[in-house]
Amino acid sequence: MLHCNDGDTSTYLARKCAHFHLVFYHKKFVLNLNIQKAEDMSSCMPFLKSRTTNNASGTMAHASARVKWHFIDWQKATYIVRSLQRRIVKAVQANKWKRVRDLQRLLTNSTSAKVLAIRRVTENKGSKTAGIDGIVWDSPAKKFQAITSLTNRGYQAQAVRRISIPKKNGKKRPLGIPTMKDRAMQALHLFSLDPISETLADKPSYGFRLNRSCADATQACWRLLCKTNSPKWILEGDIKACFDEISHDWLLEHIPMNKRILNKWLKAGYLAKQQLFPTQSGTPQGSIISPTLANMVLDGMESAIDDALGIQWRRVKGKNGNPNQIHLIRYADDFVVTANNKEVLTAQVIPAINQFLAQRGLRLSKEKTKITPIEQGFDFLGKNIRRFKQKTLVQPSKNSVQALLTKVKGVLKQYQGGKTIDLIYKLNPIIRGWVMYHRMDSPKKTFAYIDHRIWQMTWQWALSRHSNKGKRWVMAKYYTLHKGFKWAFFAKDEDKQIVTLFRANTVRIKRHVKIRVKANPYDPKDELYFEQRMDRLMIDKLLGKRMVKYLFTRQNGLCPVCQLKITETTSWNIHHVTPKHLGGQFDRDNLVLVHPICHQQIHYQPSSVTTAALTISV
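Residues numbered from 1 in each chain as written. Predicted model: local features only at pLDDT ≥ 70, side-chain atom pairs only at ≥ 80, totals over all residues. Heavy atoms only, no water.

What to know about the overall build of the chain
So, step 1. Across its full length, the chain carries 22 helices and 16 strands.
So, step 2. Pairs at least 24 apart in sequence give 69% of the contacts found in the chain among residues at least 6 apart.
So, step 3. Summed over all atoms, the accessible surface of the chain reaches about 32400 Å², with 52% contributed by carbon and sulfur. (Helix = DSSP H or I, 4+ residues; strand = E, 2+ residues; numbered from the N terminus. Contact = heavy atoms within 4.5 Å. Areas by Shrake-Rupley, 256 points an atom, 1.4 Å probe, with all protein chains shown as cover.)

Following this line, the structure appears as structure tokens:
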């Protein structure tokens, strides 16, 4: 392993203890090269501006030709970025905003942050979708060459490509698709903005935040409403066209980031039907940074309600600081507010929210905003929360159940003439995903109903394929006894193994443990808490994937190549330690769980170090 020359670092040290050497000189840590691939020190420094020669472009071209994407040390790149993010959190907590701006500038100029930003936009689901320029970074060479293009100097954002996706009510939602370079720039600046957003966020905010989910929001609702003296009235709030109506002036004045870059994103416009349109307000849905911007716009809603009603959360002896039991729970632009009586919500809470939103160019949706009693129940995030006598239950909403059944019916119609095994492979992820989302509530009766309705649909599907056969013949062909259930819809795969349709009622109910409201994923104090929590949640989500669950547990959730956590966000690949072409089997003793990018590194540079790491992990 070869590093850059550690000789004179004084050139790179500047300004107090800003540690500029961590930004520029740290490339010796990030770009670790195989000794056979790099014979001189210049290979380690493809991005350093040359201070000894005027032929900088020739040096860069020479270095970039020798240094490859697969040789980046992701562990050290992640360490450098996280270190700067922790320092940003501490500066925000100390209210030292000049230091925050300095650290943000360090982070956005860091090569470590740039390579991680490129990795993020090239590994997500939309990585193969191009913007208006038609460019996709689909090869290691393109990803590596893109590192030098991520700079603030001379940067100009391009218009987003707008498409429309259908909504539940029949209308269409506009979705903007930025270019790959714009996505990477947004991901780069998000590294410096997200720690600030998490530190200043409202406590009851759960949407589009790191390590928070819909389950946390619904669990917070249940905790507030499960007691006998809980609030009786619920305000169901929805902000009309939230992403499209946010005031640009408010964003530019209040968002703590590079104003020039932010203004370029906001004013880039959009291209629809080969025609360019300007943008006067809002942030495009589909951009990486838009959810964080929307969250920061809506942060402060809880304080606005408290100030309007004079709520004091600090306990004063002999005085109730919140007599009307006003509580806010927000997930992105959907929120609920609880109260003891309807008049308080109508006369005080709604005007306070309207005034808060008006300053940001937003307003409540009259169609979706309503006040309901808890005995009648309300829908929130696909779930129905309702009190039955003295018991409050969280169940799948009727709309959510109907949406699942409609989707299953559509798939059955699509595979009317297809193979049964392909149909099962298509339906199982749909049913399992829906069940896993609702299994932490009180869904037993709903799960039984879902199984019954899907059985009815598969039975009709099987009968329609063999109209000239009897029902006994159809039953013998498509159904079998499985785990005590006689009517398990099944097919055989290529290895003649039986594969059955997933049944909702086979899933055990497991309650969700709500996240601590003050926990910050960027704060060193909460690091251990988040590690233990994410490991536990990851194991729960791997239900039905026994091999992956076993490998994840055996490796303590770590990738053996980079020693970083394997999560749903990073995704994973299963690697054969002994390759299949050399006789390696799909056996737990020959398999390891690795990140997709680490999997590519293994096959690109099967060094003795990597092999040793994989051997230790098994």
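Thoughts on the side chain of aspartate 333
So, step 1. Relative to the helices and strands, aspartate 333 is located in the loop between strand S6 (327-331) and strand S7 (334-339).
So, step 2. Despite being buried, aspartate 333 has no salt bridge partner; arginine 173 is the closest side chain of opposite charge, sitting 7.0 Å away.
So, step 3. Excluding its chain neighbours within four sequence positions, the residues that come into contact with aspartate 333 are Gly237, Asp238, Ile239, Cys242 and Leu298. (Buried < 20%, exposed > 50% of the residue type's maximum accessible area, 1.4 Å probe, protein only. Lys, Arg positive; Asp, Glu negative; His and termini not counted. Salt bridge = Lys/Arg side-chain N within 4 Å of Asp/Glu carboxyl O.)

What to know about the sheet that holds strand S4 (residues 270-272)
So, step 1. Sheet architecture is open: four strands sit in the order S2-S1-S4-S5, paired in mixed fashion. Among the strands making up the open sheet, the edge pair consists of strand S2 (172-177) and strand S5 (275-277). Put simply, the sheet's adjacent strands are angled 40° from each other on average, direction ignored.
So, step 2. Here strand S1 (residues 160-166) pairs with S4 via two bridges, running parallel. Paired with valine 160 across the strands is tyrosine 270, a residue of S4. (Pairing = 2+ DSSP bridges. Axes fitted to C-alpha atoms, helices over the stretch in contact; angles between N-to-C directions.)

Considering the pairing of S7
Taken residue by residue, a regular strand's side chains alternate between the two faces of the sheet.
So, step 1. Taking burial as the measure, the six residues of S7 include five buried ones, the bulk of the element.
So, step 2. Sheet topology places strand S3 (residues 233-238) next to S7; six bridges connect them, and they run antiparallel. Looking across to S7, one finds that tryptophan 233 is bridged to alanine 339.
So, step 3. Examined bridge by bridge, S6 and S7 share five bridges and lie antiparallel to one another. Note on S7: the bridge partner recorded for isoleucine 329 is valine 336.
So, step 4. Counting the residues that bridge the hairpin from S6 to S7 gives two residues, and of these alanine 332 lies at a positive phi of roughly 60°.

Remarks on the nonpolar core
So, step 1. Val337 and Val349 are the most contacted members of the largest nonpolar core, which has 92 residues in total.
So, step 2. Per-element accounting of this core gives the leading share, nine residues, to helix H7 (residues 180-200). (Core = buried A, V, L, I, M, F, W, Y, C linked by side-chain atoms within 4.5 Å.)

Focus: the packing of aromatic side chains
The geometry of two aromatic rings is summed up by the distance between their centres and the angle between their planes.
So, step 1. If you walk through the whole model with that rule in mind, you get 14 aromatic pairs.
So, step 2. A centroid spacing of 5.8 Å and a plane angle of 50° characterise the contact between tryptophan 459 and tyrosine 479, whose relative ring orientation is tilted. Of the two residues, tryptophan 459 is situated in helix H17 (residues 444-465) and tyrosine 479 in strand S12 (residues 479-482); the sequence distance between them amounts to 20 residues.
So, step 3. Taking relative accessible area as the criterion, tryptophan 459 reaches 11% and is therefore assigned buried.
So, step 4. Seen from their ring centres, tryptophan 461 and tyrosine 478 are 5.9 Å apart, and the 80° between their planes marks the pair as edge-to-face. With tryptophan 461 in helix H17 and tyrosine 478 in helix H18 (residues 471-478), this residue pair connects regions lying 17 residues apart in the sequence.
So, step 5. By relative accessible area, tyrosine 478 is classed as buried at 2%.
So, step 6. Across the ring face of tyrosine 478, the terminal group of lysine 477 is positioned such that the distance to the ring centre comes to 5.7 Å.
So, step 7. Geometry around tyrosine 550 places arginine 588 over its ring, the cationic atom sitting 4.0 Å from the centre. (Phe/Tyr/Trp six-rings, centres within 6.5 Å; stacked < 30°, edge-to-face > 60°. Lys NZ or Arg CZ within 6 Å of the ring centre and 35° of its normal.)

Considering the pattern of salt bridges
So, step 1. Scanning the model with the defined rule gives 14 salt bridges in all.
So, step 2. Put simply, aspartate 216 and arginine 533 hold a salt bridge, and the shortest N to O gap is 3.0 Å. Taken as a pair, aspartate 216 in helix H8 (residues 214-225) and arginine 533 in helix H19 (residues 527-541) lie far apart in primary sequence, 317 residues in all.
So, step 3. Taken together, the shared-partner salt bridges connect Lys98, Asp102 and Arg105 into one network.

Describing the sheet that holds S6
So, step 1. The strand order across the open sheet formed by four strands is S6-S7-S3-S8, and the pairing between neighbours is antiparallel. On the outer flanks of this sheet lie S6 and strand S8 (370-373), each paired with one strand and no other. Sheet twist, expressed as the average angle between the axes of neighbouring strands with direction ignored, equals 20°.
So, step 2. Where H8 meets the sheet, it contacts S3, S6 and S7, and its direction lies at approximately 165° from that of S6.

Quick notes on helix H3 (residues 74-93)
So, step 1. The end-to-end C-alpha separation of H3 is 29 Å, in line with the 28 Å expected for 20 residues at 1.5 Å each.
So, step 2. The complete set of buried residues in H3 reads Trp74, Ala77, Thr78, Ile80, Val81, Leu84, Gln85, Ile88, Val89, Ala91 and Val92. (Expected span 1.5 Å × (residues − 1).)

Here we look at helix H13 (residues 301-309)
So, step 1. Within H13 the residues assigned to the buried category are Met301, Glu302, Ile305, Asp306 and Leu309. The buried residues of H13 occupy an angular sector of 135° when projected down its axis, which confines them to one face.
So, step 2. Packed against the buried residues of H13 are helix H12 (290-298), S6, S7 and helix H14 (342-358).
So, step 3. Phi turns positive one or two residues past the end of H13, at glycine 310, with a value near 65°. (Arc of directions from axis to C-beta.)

Observations concerning the environment of threonine 179
So, step 1. Topologically, threonine 179 is positioned in the loop between S2 and H7.
So, step 2. Sequence separation between threonine 179 and isoleucine 132 is 47 residues; the distance between their C-alpha atoms is 6.4 Å.
So, step 3. Not counting residues up to four positions away in its chain, the partners in contact with threonine 179 are Gly131, Ile132, Asp133 and Gln158.

With respect to the pairing of S1
So, step 1. Here S1 pairs with S2 via six bridges, running antiparallel. The residue of S2 that forms the bridge with isoleucine 165 is arginine 173.
So, step 2. Once S1 ends, the chain turns through five residues before running back antiparallel as S2, passing glycine 170 with a positive phi of about 95°.

Overview of a positive patch on the surface
So, step 1. On the surface, Lys171, Arg173, Lys240, Arg363, Lys366 and Lys368 cluster together to form a positively charged patch.
So, step 2. For lysine 366, the location among the structural elements is in the loop between H14 and S8.
So, step 3. According to the relative accessible area criterion, lysine 366 is exposed, its value standing at 78%. (Patch = residues over 30% accessible without salt bridge, like charges linked within 9 Å, V, L, I, M, F, W, Y side chains within 5 Å. Charge placed at Lys NZ, Arg CZ, Asp CG, Glu CD.)

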